[in-house]
Each structure stands twice: as C-alpha cells, then as structure tokens.
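# Survey of secondary and tertiary structure
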Amino acid sequence: MVSNFIRQIIEADNASGKHGGKVVTRFPPEPNGFLHIGHAKSICVNFGIAKDYGGVCHLRFDDTNPVKEDVIYENSIKEMVEWLGFTYQPNLFHASDYFDTLYAFAEHFIERGLAYVDSQNAEEMRAHRGSFEKPGVNSPFRDRSVDENLTLFREMRDGKHADGAHVLRLKIDMASPNMNLRDPAIYRIRHVEHQRTGNKWCVYPLYDYTHCISDAIERITHSICTLEFEAHRPLYDWVLARLVESGKLPSPSPQQIEFARLNINYTVMSKRKLLELVETGAVNGWDDPRFWTLAGLRRRGYTPGSIRLFAERTGASKAHQWVDMADLEGALREDLDPVAARAMVVLDPIRVVIENWPEGKTEECSAPVHPKDETRGRRTFQFAREVFIEREDFMETPAKGFFRLTPGAEVRLRYGYIIKCERLEKDASGKVTTIYASYDPATKSGTPGGRNVKGAIHWVSKSDGLQAEVRLYDRLFTVENPDDQPGDYKDYLNPNSLVKVNAWCEPSLRNAEPGQSFQFERNGYFTPDRVESKRGVLVFNRAVTLKDGWKP
RNA sequence: AGGGGAGUCGCCAAGUGGUAAGGCACCGGAUUUUGAUUCCGGUAUGCGUAGGUUCGAUCCCUUCCUCCCCUGCCA
C-alpha cells in the first residue's frame, strides 16, 4: 500500500486516539448526473481508505437541490458503486434525512444572533458582496432582531413567501478575504417537490451548511473531497465549531481533507460538456463506449478491477493530475490478461484458398482457452480449404523485419498448419482479394519434432466461422486537452473514434455474453455489447488493443 | 485588501535535515506457435528559480517565476 498525505493524517489520528481509532469516510454525490472515471477515483479513495483502516464508507446523496436532482441518477450511481465492487449497505444516507435537524439548527443560529433573514434579491446580494480586492458591505437587513428573523424564517418554511423573496444567511464577516465567509446563504426558498421529502419543505439548505452537519451527524472522521473546496473549509469548521460549543454536535468534528481531482487527456469530463455531446448526437447516449462515464466504460469492456487498479496507481495528492489515457488502458490489459478467454477473430478479412487441401474436407484444431491455465480447457475449430486472415498480416512487398505472410514465404496459421503464399488475385483497384496458398501436411500444430517458422498469425475458417459486428473505438478527441484549444472543444472531436467492421470469429464465441471479456488473439480485449449483442447477432466492443511492439 | 493551494524523471508518486522509493511508459536482453504475456537488466549528480542557514538542504529561511481554485439563492 502506497503512503499518501491522507493516510498520514489518518495514521496520526489513530496514533493520538483522536477518533478512538475509528475511520469513517463518505462518498457524497449529488444525484444530478452520471458518474464518470473521476468519481470512480473518489469512490476508490473513500471506500479504499475505509477498508484499509478497518472502517466504513457511507454513501450519502447530497440531495439539497430538488430542481436539479432525480432518482434515475441516484439509481445509476448506486448501480455503479456496486459494480465497482464496493458495499455501502447498511450505510446509505441522504442529506434530506437531516432536513429536520438542519432546520432546527438554523433556528438555533438565529437565536444566537448568528443568522439572519436577508430580503435583498440576488443582484443586490452580489453587489454587496464586494470583490476579491474590495470588502463587502453589510446587508441592510443584517441587524434584524432575533424575533423578526425567527418569524420570517418560519414564514419562509410555511410557504408564506415566494421563491427568492428571502434567504437565510449566516452572520460571519462581510469583509473576510475568503468570499465564503461573507455571510453565506444557508437556506433558500424553492416551491418545488423533493424526490424524497415530497412537499414537506419549501425551504432547502445549501451545500456548505448541509455538508458539514451531515458529516458530523454521521460521525464521519475524515471528509475527503476535491481541491476546489479548500476555501470552503473555514466555513465547514466555523459551522461545526458553533454547534459543538453549544452542545448540539459531538466533538471531535470531522476533518475535511482535499485532494486533486483526476483529469485524463483526450477527453472532457464536465457534466455540462458530457450532456452537450449526448444532446448534439456526437456520441450515442451516456453509456457510449467512447465516454469515460462509468456506464460507458463498463459497456466498452472495462472491468471494475482495472478501474480500481488505475485509481490505486494514480494515487492521491494535492498536485494537479493530468493522467495519460494510456495508463487506464494499461490497467485494463493487466487486469484482463490473466483471466480473459482467448479467441481468434479476423477483423479485416482477406480470403485465403489452400489449393492442396481437399475441397469439402475439414479437420479439427484446438487451442487452450487460456495459454497459462490448462484447467480452463480447450476450444476447437475447423481447418478448411478456405480461411480468412487479417489483411495487415499480409504484405506483397514486405517491409524490413516483417515476418508474417508474404509472396513465396511461409507463415503458421496458429494452432493449424504452416502455409505458403503461392499467388495473388487482385481487383481492378489493385487490392488483394484472394491469396492462393499451399499447406505442409507435416506441420500440424502440436506435431512432436515438427518444424516451425518465425511467424504465426490468427485465422478463421469459412466452414465454421461466425460473422459478427465489431466496434473499434479510438480516443474521442484528437487533442490532449480539448478545453484548452482555440475555438470550441467540439471542433476537436475525432471523426474516427468509432469504426464498425464485419469480422469473422471462431465458433467458441457463439454464446458470448455481455460481461464476459475475451482476448482476440493478437488484436486486443473485446466484450459483447450489453445493449445490442444477442445470441445469433453478435456485436463486440473493443475495450483496448494489445500492445504492439512491431515497428517497420 | 485580496485570500487559498500546487510545482520531485515523459505521466503519476514517495521521501520532508543525513546524501533521490515505487508504478506506468521507454530502452536493452531471455523465453514465447499472440511482434502479447512473463522474466531479467537499464533509465533524475537531480527535486520550479535565485540566494541564505547548516558539517550536510528536495526538506528550514528569503526572493522571484509558473499553474490552479474562490465574488451561485449550484454541489
């Protein structure tokens, strides 16, 4: 386990007995969108740390803004957390579980003269907030009496005022250099039905006020979030300190710790841009396999283990991360290589006719399901007169170092026979349409003492091969950081990010199901598309290519 | 009257006063009927910059530079 600054804080707290050795973290998504790889990182950090220190991690939906939130997002988020391999039961919570307490605490702040109802509109509040260089000025409503504040706040709660008419603010310091401390709003009026509390409330608490109190109620020990909340920490601490000093909340309070969010090159991650790409049809839905949403990654063939490995490798720090897409791909290869069943699939077929093989004859060949695990058994397929090989495994005029099929030369059809290219047939444009070859009957794969050649390529015979659609994905954008380019980020979409091909597959793939991962030998890792692949109509997604060490 | 953070190999990332871990990538070499995997070996006289303190500095002090975040009744 790699050390990082968060673990150091926890270990120091455990050593001093600050929380009695307990570690309780939380993953607090707002149910207003789908999870992406950045959230996965946060999930792995929070659940991972809890697990490593014998603690628990809560899943808490930050559902304080009913105008933006929806249960469909909540369900999707739960599904993805589970898919990643983490268990949140019985620690599933909602900020809305605490609305009663939050409200009572708000009255408590009013009674202590630490909160007031402000009747300025949003524009006036903004104008009075000042700027980075200039202090703000107090609201004309700042000195309302406790009774007046209480009365007004209760009226707000009781639906006597329109949206935006008033807001409840903490009375801190309008001159603070930290904008978050310039009398932050903590309650606003929203006559909107809430997905969980229905029409019980028409005032809803804001994030800064809600989050810290929710953490404290759940006895979270370490509240891990991203860097942009650093400037909110003084407010987080201020609210809890006031509640602790009046005995409303226990001590010690949770500690907010911020780490750098994850960025990955050749993609965009903001909710707004993801939504725009979906709505403009640049991609096909939230689970498009080119998206780094978790739904997209899953559909593409990424495994939970690969994402956990990736999260572990990228670590947690306060320096801004800009991680190579290749690192995620590497983690997938590493996760899949030891377990993925192998199969031969020709993605870009070229016909080969073996002229000295009798018409109509077939012969069984076999190969291990996994080359390093014979207990997984073997798969079988036919050798026949007519087979398909990969177009890129043939070169009419071979480049230096090319040791696959070439005119007059030999190559092994993996698990089958050695063949020799005798002559070619081309169409009008010069494209090779058929390779005529001969085979050497003494070279069947596995023949003791048999001769061998340098090259071995994959193939599928026409006699028992299956046809399938295979979707080849590439990076969604052509530049490392689409957000940092002149013009619109959408100008940099990769027009070749999806290429569909008709492939020939060995028969063992007949019953392939979504959720299964296969290594198509010498090509990459593929999975049946969970939406469109069916028995008899196979559709595979390429999750990632194999590493290719060949350079001409 | 601004405040808060960050800068260690191509990408991540430990170390925080005793002479630069590790991973990924990359480069060699071995094995290989996947140009994959696996296995061996290699890769920062250097820690944003310039000074200072010290026997000794990535670490402490000072200067400067670069980047990120903060003025929602979003989270």
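Scoring rules and cut-offs
- Residues numbered from 1 in each chain as written.
- Chains lettered and ligands numbered in written order.
- Predicted model: local features only at pLDDT ≥ 70, side-chain atom pairs only at ≥ 80, totals over all residues.
- Heavy atoms only, no water.
- Salt bridge = Lys/Arg side-chain N within 4 Å of Asp/Glu carboxyl O.
- Helix = DSSP H or I, 4+ residues; strand = E, 2+ residues; numbered from the N terminus.
- Near = heavy atom within 4 Å.
- Polar contact = N/O pair within 3.5 Å; in protein donor to acceptor, adjacent residues only side chain to side chain.
- Expected span 1.5 Å × (residues − 1).
- Buried < 20%, exposed > 50% of the residue type's maximum accessible area, 1.4 Å probe, protein only.
- Contact = heavy atoms within 4.5 Å.
- Pairing = 2+ DSSP bridges.
- Axes fitted to C-alpha atoms, helices over the stretch in contact; angles between N-to-C directions.

## A word on the pattern of salt bridges
Scanning all chains against the criterion turns up 48 salt bridges. Arginine 378 is the partner of glutamate 374 in a salt bridge, and the nearest nitrogen-oxygen pair spans 3.7 Å. Two residues, aspartate 440 and arginine 451, come together in a salt bridge whose shortest N-O distance is 2.9 Å. A residue pair is termed long-range when its members are at least 10 positions apart, and aspartate 440 in the loop between strand E18 (432-439) and strand E19 (456-457) and arginine 451 in the loop between E18 and E19 qualify at eleven residues. Residues joined in a network through salt bridges with shared partners are Asp287, Arg299, Glu469, Arg471, Asp529 and Glu532.

## Looking at the protein's contact with RNA strand B
Around RNA strand B lies a shell of 70 residues, among which Gln8, Glu133, Ala175, Ser317 and Arg404 are the nearest. Counting only the atoms of RNA strand B that lie within 4 Å of the protein, the sugar and phosphate share comes to 61%. Between RNA strand B and the protein, one listed contact pairs a sugar or linking oxygen with a backbone N or O atom of threonine 314 at 2.8 Å. In this structure, serine 445 approaches RNA strand B through a side-chain N or O atom, which is 2.6 Å from a base oxygen. Mapped by element, the contributors of at least two residues to the surface near RNA strand B are helix H5 (122-128), strand E6 (185-189) and helix H11 (304-314). The leading source of residues in the surface near RNA strand B is H5, at three residues.

## Things to note about helix H6 (residues 146-157)
Its twelve residues give H6 an end-to-end C-alpha distance of 16 Å, which sits within 8% of 16 Å, the value for a rise of 1.5 Å per residue. Among the residues of H6, those classed as buried are Asn149, Leu150, Leu152, Phe153 and Met156. Among the structural elements, helix H4 (99-111), strand E4 (115-118), strand E5 (167-170), E6 and strand E7 (203-205) are those in contact with the buried residues of H6. Positive backbone phi, at 80°, marks glycine 159, one or two positions downstream of H6.

## Section: the sheet that holds E4
The sheet built from four strands is open, its strands ordered E4-E5-E6-E7 with antiparallel pairing. Both outer strands of the open sheet, E4 and E7, are each paired with one neighbouring strand and no more. Averaged over all adjacent pairs, the angle separating strand axes in this sheet is 20°, with direction ignored. Across three bridges, E6 lies against E7 in antiparallel orientation. Bridge pairing links tyrosine 187 to proline 205 in E7.

## Looking at the sheet that holds strand E3 (residues 92-94)
Backbone hydrogen bonds are what pair the strands of a sheet, in a parallel or an antiparallel way. Taken in spatial order, the three strands make up an open sheet running E1-E2-E3, and their pairing is parallel. Of all the strands in the sheet, just strand E1 (24-27) and E3 have a single pairing partner and so form its edges. Averaged over all pairs of adjacent strands, the angle between their axes in this sheet comes to 35°, without regard to strand direction. Summarising the sheet, E1 and strand E2 (residues 56-61) pair through four bridges and their orientation is parallel. Bridge assignment links arginine 26 to a residue of E2, and that residue is histidine 58. Strands in contact with helix H3 (residues 71-83) are E1, E2 and E3; relative to E2, the strand with the most contacts, it is inclined by about 160°.

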